[in-house]
Amino acid sequence: MAISKLSGLKREDFQATIQGKQTDLYTLVNKAGNEVCITNYGGALVAIMVPDKDGKYANVIQGHDTIQGVVDSPEPFLSTLIGRYGNRICKGKCTIDAKQYSFAINNGPNHLHGGPTGYHARVWDAEQVNDQALRLHYVSPDGEEGFPGTLDITVVYRWTDDNELVIEYEATTDKKTIINLTNHGFFSIAGIANPTPTIEDLQCQINADFFIPIDDTSIPTGEVRSVAGTPFDFRTMHAVGDQIDADDEQTRNGAGYDHCFVLNKREVGELSFAAKIMDPATRRTMEVYTTEPGVQVYTDNWATGYPGQLGATFPRRSAICFEAQHFPDSPNRAFFPSVALCPGEKYTQTTIYKFGIEK
C-alpha cells in the first residue's frame, strides 16, 4: 500500500476507472521533503504539506481522501482545474464571429466555471515527469458544454525546492473559441482541521488598485472601480475579516468577497506579484504570482461544514481562493482583455503559489 509520507493519503484510494480512464494519486516531493498530492480527476489538488514556524506540518489546501470523495464533493470545484471558461458568463450566452453560443446555466441565471461537466469533472491523462513535476493533458471536443473548437490543453504542476507550486498552462484550438483557465485552490494555510479555522484572521495583501463590481447575480456591472475607500482595499496588509461583512453593496452581492481584482501590471502578460496571505498563529505564508490580468478572490462564503479528508470539516469561510484569470463575462465586454483564442495561436498562463514562514 502506497501512503504519501506526510499527507497520509493512500494511493489505492484514488485508483478507479471513470469515463473509461484510470484515476490515480500523484505525489510531488521537493528536497525538503514537503509534499503536493494531486489526482488526475479534475487535476484536483488534495494535499499541500508544508511546515509552520515550529516545524509542524499540516495540509494547507482543502480536499478529499478518496476518489469518490472528489467526484461527489459538495463543492464540485474544490481545488480543481477550471475550464473552458472560469468564472461567470452572463445568462450563459456570448457571440463569437456573429454566431451566438449557449452554455449551461449552473449559477443563478448564469454560466459558471465551464458548466457541470467542465474540466473539474474530467479525467485528465497524466504523466509524472519526475519527483517534482506532473503533466496533465486533456482534449476538449468541439461542442463540449457548448463551447466551439477542439481545445488541446496541457497543464504542468511543478513543486520547486523553494516551496513554489508552479502551474503552467498551454492550449491550442482548431476553431475560434473563448478560454479562461484557472485553478480553484481552496487554501487554508492555518491547516485543515475539525473544524478548519476561519480565514477571516489571515493577514492579506492584494496588488490591485482596482476591482470589478458585480450585480446581485455576480455579473460585472461594467465598471472598473478604484479600491480606495472601499472594503476591497488590500494594497497594504490587513485582516481578511476586517470589512468582509461591511455595510456595502458589493460585499452584500458577493456574500463576502467573490470579486475579480484588476492586478497592477507594468506590461501585459508579465509574471508578477498578485497577493500574499499570512496566518498569525502558525506564521505560514502564501504568495501568489501570475501572468493573468486578474485574480478572483473568493472567501468560501457558501461552505456548510461538510466533511473533507481524514476527519477534517470545512465550515463557511474556512478557505480563501485566488483564482488567476481573465475577467468575468469578458466575452460580452469588449473593453475587457480578450479571451478569444484562434487557430494558430497558443494560450499560455503561469501561476505560482509560494509557501513560506514569516519569522
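Located above this text is the structure these notes cover.
Keep in mind it's a predicted model, so treat the numbers as computed, not measured.

Caption draft 1: Examining the packing of aromatic side chains more closely. The final tally for this structure, using the stated rule, is 17 aromatic pairs. Ring centres of Phe232 and Phe261 lie 6.1 Å apart, and the angle between their planes is 45°; this geometry places the pair in the tilted category. With Phe232 in the loop between strand 20 (225-226) and strand 21 (238-239) and Phe261 in strand 22 (residues 258-263), this pair connects stretches of sequence that are 29 residues apart. Take Phe232 and Phe261: they sit in the same class, and that class is buried. Geometrically, the ring pair formed by Phe335 and Phe336 is edge-to-face, given 5.0 Å between the ring centres and 75° between the ring planes. The exposure class of Phe335 is exposed, given its relative accessible area of 54%. Owing to a relative accessible area of 6%, Phe336 belongs among the buried residues under this scheme. Through successive ring pairs, a cluster of aromatic residues spans Phe211, Phe232, Phe234, Tyr257 and Phe261.

Caption draft 2: Representation of the sheet that holds strand 6 (residues 57-59). Overall, antiparallel pairing links the four strands, which are arranged 3-4-5-6 in an open sheet. Two strands lie at the open edges of the sheet, namely strand 3 (25-29) and strand 6, each paired on one side alone. With direction set aside, neighbouring strand axes in the sheet form an average angle of 15°. Pairing between strand 4 (residues 35-39) and strand 5 (residues 45-51): four bridges, direction antiparallel. Paired with Cys37 across the two strands is Ala47, which belongs to strand 5.

Caption draft 3: Structural view of unusual backbone geometry. The peptide bond linking Gly83 to Arg84 adopts the cis configuration, its omega dihedral lying at 5°. Looking at the element boundaries, Arg84 is found in the loop between strand 7 (81-82) and strand 8 (88-89). Residues other than glycine seldom take positive phi values, yet Asp329 does so here, at roughly 55°. Topologically, Asp329 is positioned in the loop between strand 28 (321-325) and strand 29 (340-341). For Asp329, a relative accessible area of 1% translates into the label buried.

Criteria and cut-off values
- Residues numbered from 1 in each chain as written.
- Predicted model: local features only at pLDDT ≥ 70, side-chain atom pairs only at ≥ 80, totals over all residues.
- Heavy atoms only, no water.
- Phe/Tyr/Trp six-rings, centres within 6.5 Å; stacked < 30°, edge-to-face > 60°.
- Helix = DSSP H or I, 4+ residues; strand = E, 2+ residues; numbered from the N terminus.
- Buried < 20%, exposed > 50% of the residue type's maximum accessible area, 1.4 Å probe, protein only.
- Pairing = 2+ DSSP bridges.
- Axes fitted to C-alpha atoms, helices over the stretch in contact; angles between N-to-C directions.

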